[in-house]
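Spelled out, the chains give:
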There are 2 protein chains.
Amino acid sequence: ISLTWTSHVEVQSFIERCMTAVGTKQHHARSLAEVLVEGDHRGHYSHGLNRMDMYVKDVQTGICAKDGEPVVEKESAATALVDGQNLLGPVVGNFCMNLAIKKAKEVGIGWVVAHSSNHYGIAGYYAMQALKENMIGMSFTNTSPLVVPTRAKECTLGTNPMSVAAPAKDGDSFVLDMATSAVALGKVELHERRGDPIPEGWGCDPQGKLTTDPKRVLTGGGLVPIGGSEATGGYKGYGLGMMVEVFCGILAGAQYSKYIRTWKVTDRVANLGQCFVAINPENFAPGFSDRMSDLLSIHRNLDPSDPDTPVIAAGDPERMNIKKCEDMGGIPYHISVVKYMNECAKNIGVKPLLPCDKIVSN
Amino acid sequence: ISLTWTSHVEVQSFIERCMTAVGTKQHHARSLAEVLVEGDHRGHYSHGLNRMDMYVKDVQTGICAKDGEPVVEKESAATALVDGQNLLGPVVGNFCMNLAIKKAKEVGIGWVVAHSSNHYGIAGYYAMQALKENMIGMSFTNTSPLVVPTRAKECTLGTNPMSVAAPAKDGDSFVLDMATSAVALGKVELHERRGDPIPEGWGCDPQGKLTTDPKRVLTGGGLVPIGGSEATGGYKGYGLGMMVEVFCGILAGAQYSKYIRTWKVTDRVANLGQCFVAINPENFAPGFSDRMSDLLSIHRNLDPSDPDTPVIAAGDPERMNIKKCEDMGGIPYHISVVKYMNECAKNIGVKPLLPCDKIVSN
């Protein structure tokens, strides 16, 4: 595969320019650019630059608002319901997470829920904002239906991701950031493009039966919840996906389940529901971060089953990807993604500044 | 299999008498009896009468306190840290859940964490207490190490269950009550007794490799997290198990991970960590229970993949078990469990009142 690499700053300013070119407010564009670059930096390339064109289209068609700020509709010392005003997801997410942290400073916890939001990038970005305040952070979002519930054959739940971040000592942390489906759709698509079968337990065919054929998953089938089949605990993943929906669409009064539009459709607003939580360990037992560090050490120091694959903790693969980017001096991208985004930029009158010349092979 | 059935009331008073016979305070004994009977009633027989002897032994040996009440150590409008005073788990659980609900009535959410607790039965029992107040309830507990993290070969996490309950209309509800392991240990033991292989994705051998041989799981191996192998998303279940530990042992300053004693050892106190949450939908968008009912209906009315197994929602299997008990006029028990518990009662001078004559075949 041909990869090219680009500095953090370069990609971020490129995304900002593209977004402002279609009318996004400067600081909204920056919020989005920061989340997308952080997605790439952490190795979640499906939630980074790769999706910029979708956000551009959302603002360009007017299906996503370019002006205004989120509004608090209802509030208590520990909770808030926020109207996202159909703004870009990261604008809503940052607003809500800041509010949750503020409340957690005052009463130990902040639980903030938003309706009328849009795609917000990686869930972990918001959860991790709490780490800077030495707090536990959580974030949940509903998404377009792609997952088939246990025993069913129709998609009624999104990949409904959840993230939980907890601070340890010296900047270390636990960062769980996962879809409640067994895998992301992108992984199935990748296998299909390569002509490889997928492992059993990733997706099902249009009849709701597990299949190893990625084509059948992508044409009328769907992803399955974590756990795979009913026998191996897939009903737990199905329950977790619904739990995320309860915290998001149901609690916020947003769209939910099968009523959520697919992202490709721009004929109606997304009205996604999202949930943001901050918990202050200071309100509980002293020594939280020491115990967190110990818990992480216990696991990282375990004797591995296979000597070549050390035991790691949630957040470690992303840490390794960040290290890799730092060593390279930039974020590696598929040359095709860069070319596509440069083309997209040209169409909206933005100078295609992403370089395609620093080719590295992988 | 030979089953016998016993009324709700009969079992409950039997457990109460056994617990008070070894010195448990009357209302503590009742709290325990209620949780265990509810476990059986809901079909979670591994967390019901079947475990009474363990609680009796805990109190009898003095490793679990028989006197006192839980104490609030630290408190804010929305949070509390509780010292469980080494009392029976259900005594601590009820205390904490009531406190969480009280806080949720005042500020929309209550997040209560306890250290110095003991086994509390089914997690769902506590989460469901919020349903009576039309609130969302959650409950988490850490447990003795039985689960091998992804890539490892040693057990460092418990089955660490989590429960989330959400009220719908007319007494209906969503009740997720699940271990973060693929299955419970009891399921593996059952297959071993029958000489059956287990499905791939339930447990691993002492080298940390997935196995279908229940013997290898039970002798030096362990359960695996939801998701099974790393390829099918087992690292997500591993992350969820650690998340539960963060909310319990780490936040509460209780024992955690590999430091938790096995339940069979009574040489030291358990000092389990537990977490109880209540969230008041009134603080968020109006119409919560209508949307909950709709979400449940959407799923229950899905066209099933196999016409014989309808699509259900979390909490429905338990609802069916309760219905079955009501139709039978009692809770069905294995005759061997009843005989064993009657023997246990005799040893502590309690009249073995459970009937063994109402045999039904299954």
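Values in this document were obtained by computation on a predicted structure and should not be read as measured data.

About the criteria used
Residues numbered from 1 in each chain as written. Chains lettered and ligands numbered in written order. Predicted model: local features only at pLDDT ≥ 70, side-chain atom pairs only at ≥ 80, totals over all residues. Heavy atoms only, no water. Helix = DSSP H or I, 4+ residues; strand = E, 2+ residues; numbered from the N terminus. Rg over C-alpha atoms; globule rule 2.2 N^0.38 Å. Buried < 20%, exposed > 50% of the residue type's maximum accessible area, 1.4 Å probe, protein only. Contact = heavy atoms within 4.5 Å. Areas by Shrake-Rupley, 256 points an atom, 1.4 Å probe, with all protein chains shown as cover. Lys, Arg positive; Asp, Glu negative; His and termini not counted. Charge placed at Lys NZ, Arg CZ, Asp CG, Glu CD. Pairing = 2+ DSSP bridges. Core = buried A, V, L, I, M, F, W, Y, C linked by side-chain atoms within 4.5 Å. Domains from an automatic or database assignment. Salt bridge = Lys/Arg side-chain N within 4 Å of Asp/Glu carboxyl O. Polar contact = N/O pair within 3.5 Å; in protein donor to acceptor, adjacent residues only side chain to side chain. Nonpolar A, V, L, I, M, F, W, Y, C, P; charged D, E, K, R; others polar. Buried area = accessible area lost by both parts, 1.4 Å probe. Least-squares fit on C-alpha atoms with pLDDT ≥ 70 in both. Axes fitted to C-alpha atoms, helices over the stretch in contact; angles between N-to-C directions. Parallel < 35°, antiparallel > 145°, perpendicular 65-115°, else oblique. Left-handed = near helix turned anticlockwise from the far one by under 90°. Phe/Tyr/Trp six-rings, centres within 6.5 Å; stacked < 30°, edge-to-face > 60°. Expected span 1.5 Å × (residues − 1). Bend = angle between axes of the 7 residues up to and from the residue.

Chemist: Quick question: what am I supposed to make of the overall build of chain A here?
Modeler: Helices and strands together make up the secondary structure of chain A, namely 11 helices and 13 strands. Taken against the 2.2 N^0.38 rule, which gives 21 Å for 362 residues, the C-alpha radius of gyration of chain A at 20 Å falls within 12% of a compact globule. The burial tally for chain A puts 62% of its 362 residues in the buried class. Long-range contacts, defined as pairs at least 24 residues apart, comprise 66% of the intrachain contacts of chain A with a sequence gap of at least 6. As presented, chain A carries roughly 13100 Å² of accessible surface, and 51% of it is formed by carbon and sulfur atoms. Placing the 35 positive and 39 negative side-chain charges of chain A at their respective mean positions leaves the two points 4 Å apart.

Chemist: Please clarify how the sheet that holds strand E9 (residues 210-211) of chain B should be interpreted in this entry.
Modeler: Sheets are built from strands paired through backbone hydrogen bonds, the pairs being either parallel or antiparallel. Residue and element names in this part refer to chain B. Read across the sheet, three strands follow the order E9-E8-E10 without closing on themselves; strand pairing throughout is antiparallel. Strand pairing shows two members of the sheet lacking a second neighbour, E9 and strand E10 (222-223), which therefore form its edges. Pairing of strand E8 (residues 203-204) with E10, which is carried by two bridges, proceeds in the antiparallel orientation. Across the sheet, the residue bridging to cysteine 204 is glycine 222, located in E10.

Chemist: I'm lost on the nonpolar core in this one. Help?
Modeler: A general feature of soluble globular proteins is that nonpolar side chains tend to end up buried together. By size, the foremost hydrophobic cluster in this structure holds 110 residues, and its most contacted members are A:Trp111, A:Phe174, A:Met243, B:Trp111, B:Phe174 and B:Met243. Setting aside residues no more than four positions away along its own chain, B:Met243 makes contact with A:Met162, A:Val164, A:Phe174, A:Leu176, B:Phe140 and B:Met162.

Chemist: Looking at this structure, I do not really get the domain arrangement of chain A. What am I missing?
Modeler: By a widely used convention, the size of an interface equals the accessible area lost when the partners come together. Residue and element names in this part refer to chain A. Here the domain parsing of chain A yields domain 1 (3-64 + 330-360) and domain 2 (71-182 + 224-283). Our count for the domain 1 to domain 2 interface comes out at one salt bridge. In this structure, aspartate 58 and arginine 261 form a salt bridge, with 3.6 Å as the shortest nitrogen-oxygen distance. Our count for the domain 1 to domain 2 interface comes out at three residue pairs in polar contact (both at pLDDT 80 or more). At the level of elements, helix H2 (26-41) and helix H3 (52-60) are the ones that each hand at least two residues to the side of domain 1 that touches domain 2. The biggest single contributor to the side of domain 1 that touches domain 2 is H2, with seven residues. Grouping the constituent residues of the side of domain 1 that touches domain 2 by class yields eight nonpolar, seven polar and six charged.

Chemist: Whenever I open this one, the interface of chain A and chain B confuses me. Can you help?
Modeler: The interface of chain A with chain B comprises 88 residues on the first partner and 87 residues on the second. Summed over both partners, the interface of chain A with chain B comes to about 7000 Å²; 69% of that surface belongs to carbon and sulfur atoms. It is A:Arg151, A:Lys236 and A:Phe284 in chain A that bury the most area against chain B; as a group they hold 11% of the surface buried on that side. On the surface where chain A and chain B come into contact, there are two salt bridges. A:Asp303 serves as the salt-bridge partner of B:Lys153, at 3.6 Å between the closest nitrogen and oxygen. Here chain A is connected to chain B by 36 residue pairs in polar contact (both at pLDDT 80 or more). Where the side of chain A that touches chain B is concerned, the elements lending two or more residues are strand E3 (79-83), strand E4 (109-117), strand E5 (136-141), strand E6 (162-167), strand E7 (173-178), helix H8 (234-252) and helix H9 (288-300) of chain A. Counting residues per element, the side of chain A that touches chain B draws most heavily on H8(A), which supplies 14 residues. For the side of chain A that touches chain B, the residue count by class is 54 nonpolar, 19 polar and 15 charged.

Chemist: When you look at the relation of the copies chain A and chain B in this model, what are you seeing that I'm missing?
Modeler: Both copies of the chain are related by a screw-like operation: a rotation about an axis and a shift along it. The two copies are related by a screw operation: chain A maps onto chain B through 180° of rotation and 0.0 Å of translation along the axis, at an RMSD of 0.0 Å. Look at the turn and shift together and you get a two-fold axis relating the two. Relative to the rotation axis, the C-alpha of A:Gly227 is the closest in chain A, positioned 2.0 Å from it. A high fraction, 99%, of the interface residues of chain A reappear at the interface in chain B, so the copies pair face to face through one surface.

Chemist: Which parts of the structure should I look at to understand the packing of helix H1 (residues 8-21) of chain A against H3(A)?
Modeler: Packed helices, taken two at a time, are described by the angle their axes make and the gap between the axes. Residue and element names in this part refer to chain A. Put simply, H1 and H3 touch, their axes get as near as 9 Å, and they point 20° apart. Looking at the two axes, H1 sits roughly parallel to H3. Relative to H3, the crossing made by H1 is right-handed. Mapping the contact onto sequence places Phe14, Ile15, Cys18 and Met19 in H1 and Met52, Tyr55, Val56 and Val59 in H3. Each residue belonging to the contact of H1 with H3 can be placed in one class, and the counts come to eight nonpolar, no polar and no charged.

Chemist: Teacher, can you tell me more about the packing of aromatic side chains here?
Modeler: Centre-to-centre distance and the angle between the planes together describe a pair of aromatic rings. Enumeration according to the criterion identifies 16 aromatic pairs over all chains in this entry. Residues A:Tyr45 and A:Tyr333 carry aromatic rings whose centres are separated by 6.3 Å and whose planes lie at 75° to one another, so their mutual orientation is edge-to-face. Taken together, the residues A:Tyr45 in the loop between H2 and H3 and A:Tyr333 in strand E12 (residues 331-334) connect sequence positions 288 residues apart. Residue class for A:Tyr45 comes out partly exposed when judged on its relative accessible area of 28%. For the ring pair B:Tyr256 and B:Tyr259, a centre distance of 5.1 Å and an interplane angle of 80° mean the geometry is edge-to-face. With relative accessibility at 8%, the residue B:Tyr256 sits in the buried group. Residue B:Tyr259 is classed as partly exposed on the basis of its relative accessible area of 30%. Among the aromatic residues, those joined into a cluster by ring pairs are A:Tyr120, A:Tyr125, A:Tyr126 and A:Phe276.

Chemist: Explanation requested: helix H8 (residues 234-252) of chain B in the structure shown.
Modeler: Structurally, the α-helix is built with 3.6 residues per turn, so residues lying three or four positions apart point the same way. Residues and elements named next belong to chain B. Here H8 is 19 residues long and its end C-alpha atoms lie 27 Å apart, about the 27 Å a rise of 1.5 Å per residue gives. Taking the largest bend as the criterion, H8 deviates by roughly 40°, centred on valine 246. Buried residues dominate H8, accounting for 18 of its 19 residues. One or two residues past the end of H8 sits glycine 253, with phi positive at roughly 70°.

Chemist: Teacher, can you tell me more about unusual backbone geometry here?
Modeler: Negative phi values dominate among residues other than glycine, just as trans dominates among peptide bonds. All names here are of chain B. At arginine 151, a position not held by glycine, the phi torsion is positive, near 80°. Phi is positive for aspartate 170, which is not a glycine, with a value near 50°. Here aspartate 170 lies in the loop between strand E6 (162-167) and strand E7 (173-178).

Chemist: So what exactly am I meant to see when it comes to the pairing of strand E11 (residues 272-279) of chain A here?
Modeler: Two faces make up the sheet, and in a regular strand the side chains alternate between them. Residues and elements named next belong to chain A. Burial of E11 is extensive: eight of the eight residues sit out of reach of the surface. As paired strands, E4 and E11 are joined by seven bridges and run antiparallel to one another. Its bridge partner being in E11, valine 112 is matched across the sheet by phenylalanine 276. Examined bridge by bridge, E5 and E11 share six bridges and lie antiparallel to one another. Paired with isoleucine 136 across the strands is isoleucine 279, a residue of E11.

Chemist: I would appreciate a short explanation of the side chain of A:Thr232 in the present structure.
Modeler: Structurally, the position occupied by A:Thr232 is in the loop between strand E10 (222-223) and H8. A distance of 3.1 Å separates the side chain of A:Thr232 from the side chain of A:Ser229, its partner in a polar contact. With residues near it in sequence (within four places) discarded, A:Thr232 still touches A:Gly227, B:Ala182, B:Glu200 and B:Trp202.

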